[in-house]
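Architecture and fold: a report
So the chains spell out like this:
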Amino acid sequence: DTGSPRDAPAILRATLAHTGGEPPRRIILTHGHLDHAGTVGFLQERWSIPILTHPAERAFVEGTGWYGAVRPAWWGFRLIQEPFGLVNRVQPAKVAGVLTDGDSVGGLEVRHVPGHAPGMIALIHRSDRAILAGDTFVSRGLQLYPPAKFFTPDPPAAVRAMQRLVDEDFDHLLASHGRPILRLGRSEAAHAVRRASEAYG
């Protein structure tokens, strides 16, 4: 993921510092929300590299769709899309290829985990026993929680997505928001499923 538009300079500097000044080979987006794909157009122009995402997110990344049109969606999500949905669009970028459930890319296994976004994906790195979870979980104070309900069109699907990742074999969980949960990622994710059932009930 590439962060929000205001993060562009920091993302650019940090990435090139990590790669020794070489552009990365590709950008993989867990989903197309502004805080995850907000600099993708800028970085694609700068580096001329391919962007990969799930096919259900393609329209949001390329600027031909908006999340307010997502169905099914509960009334609270639809309500908040009126003031925030249109401004949540990213600078359009061209998607070079799609990633679907079970695909592998760069040593990562793809899992489709819809709910918070129709085409959200998580990425499993087996050798590190780690999951890059996108917004399937949110980390707060070294505990995991479901994503914000008002920005999640299909909360029951989001809980099922959380459970799907709990069923994987891993130790470390890296959520897009908050600190990584190291060693205890799977057990804490299981606790989060229970919290989600209460919060989304």
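Just above sits the structure.
Residues numbered from 1 in each chain as written. Predicted model: local features only at pLDDT ≥ 70, side-chain atom pairs only at ≥ 80, totals over all residues. Heavy atoms only, no water.

In this section: the packing of helix α1 (residues 8-19) against helix α3 (residues 40-47). Between α1 and α3, the shortest axis-to-axis distance is 10 Å and the interhelical angle comes to 45°. Taken together, α1 and α3 sit at an angle that is classed as oblique. In the packing of α1 onto α3, the handedness of the crossing is right-handed. Each of A8, I11, L12, T15 and L16 in α1 lies in contact with α3, whose residues at this interface are F42, L43, R46 and W47. (Axes fitted to C-alpha atoms, helices over the stretch in contact; angles between N-to-C directions. Helix = DSSP H or I, 4+ residues; strand = E, 2+ residues; numbered from the N terminus. Parallel < 35°, antiparallel > 145°, perpendicular 65-115°, else oblique. Left-handed = near helix turned anticlockwise from the far one by under 90°. Contact = heavy atoms within 4.5 Å.)

As for its placement among the helices and strands, T2 is situated in the segment before α1. Side-chain polar atoms of T2 contact the backbone nitrogen of V40, separated by 3.3 Å. (Polar contact = N/O pair within 3.5 Å; in protein donor to acceptor, adjacent residues only side chain to side chain.)

In this section: unusual backbone geometry. Cis geometry is found at the peptide bond from R71 to P72, where omega equals 0°. A positive phi angle, close to 55°, is found at R129, a residue other than glycine. With relative accessibility at 30%, the residue R129 sits in the partly exposed group. Residue R183 is not a glycine yet carries a positive backbone phi of 70°. With respect to the element layout, R183 can be found in the loop between β10 (172-175) and α7 (185-199). Overall, R183 belongs to the exposed group, its relative accessible area being 63%. (Buried < 20%, exposed > 50% of the residue type's maximum accessible area, 1.4 Å probe, protein only.)

To continue, consider the environment of V113. Along the polypeptide, V113 turns up in the loop between β5 (108-112) and β6 (121-125). Exposure remark for V113: the relative accessible area of 0% places this residue in the buried category. With 108 residues separating them in the primary sequence, V113 and P5 have C-alpha atoms 25 Å apart. Beyond its immediate sequence surroundings of up to four residues, V113 is in contact with M120, I121, A122, T136, A161 and L165.

With 4 of 5 residues buried, β6 lies mostly within the body of the structure. Across 3 bridges, β6 lies against strand β7 (residues 130-134) in antiparallel orientation. Within β7, the position partnered with L123 by the bridge is L132. Count of turn residues in the β6/β7 antiparallel hairpin: 4 residues, of which R129 carries a positive phi of about 55°. (Pairing = 2+ DSSP bridges.)

Pairs of aromatic rings are described using the distance from one ring centre to the other and the angle between the two planes. Applying the stated criterion across every chain yields a total of 3 aromatic pairs. Both rings, one in W74 and one in W75, keep their centres 5.5 Å apart while their planes meet at 70°; by these two values the pair is edge-to-face. On the accessibility criterion, W74 (19% relative accessible area) is buried. Seen in terms of ring centroids, W74 and F150 are 5.3 Å apart; in terms of plane orientation they differ by 45°. Their pairing is tilted. On the criterion of sequence distance, the pair formed by W74 in the loop between α4 (58-62) and α5 (75-84) and F150 in the loop between β9 (143-145) and α6 (155-166) is long-range, its members being 76 residues apart. (Phe/Tyr/Trp six-rings, centres within 6.5 Å; stacked < 30°, edge-to-face > 60°.)

In this section: the packing of α6 against α7. Packing of α6 against α7 leaves a shortest axis separation of 9 Å and a crossing angle of 160°. With respect to α7, the axis of α6 lies roughly antiparallel. The element α6 and its partner α7 pack so that their crossing is left-handed. Taking contact as the criterion, the partners of V159, M162, Q163 and V166 in α6 are, on α7, R186, A189, A190, A192, V193, A196 and S197. In terms of residue class, the contact of α6 with α7 is made up of 8 nonpolar, 2 polar and 1 charged. (Nonpolar A, V, L, I, M, F, W, Y, C, P; charged D, E, K, R; others polar.)

Taken by themselves, the reported measurements are silent on function.
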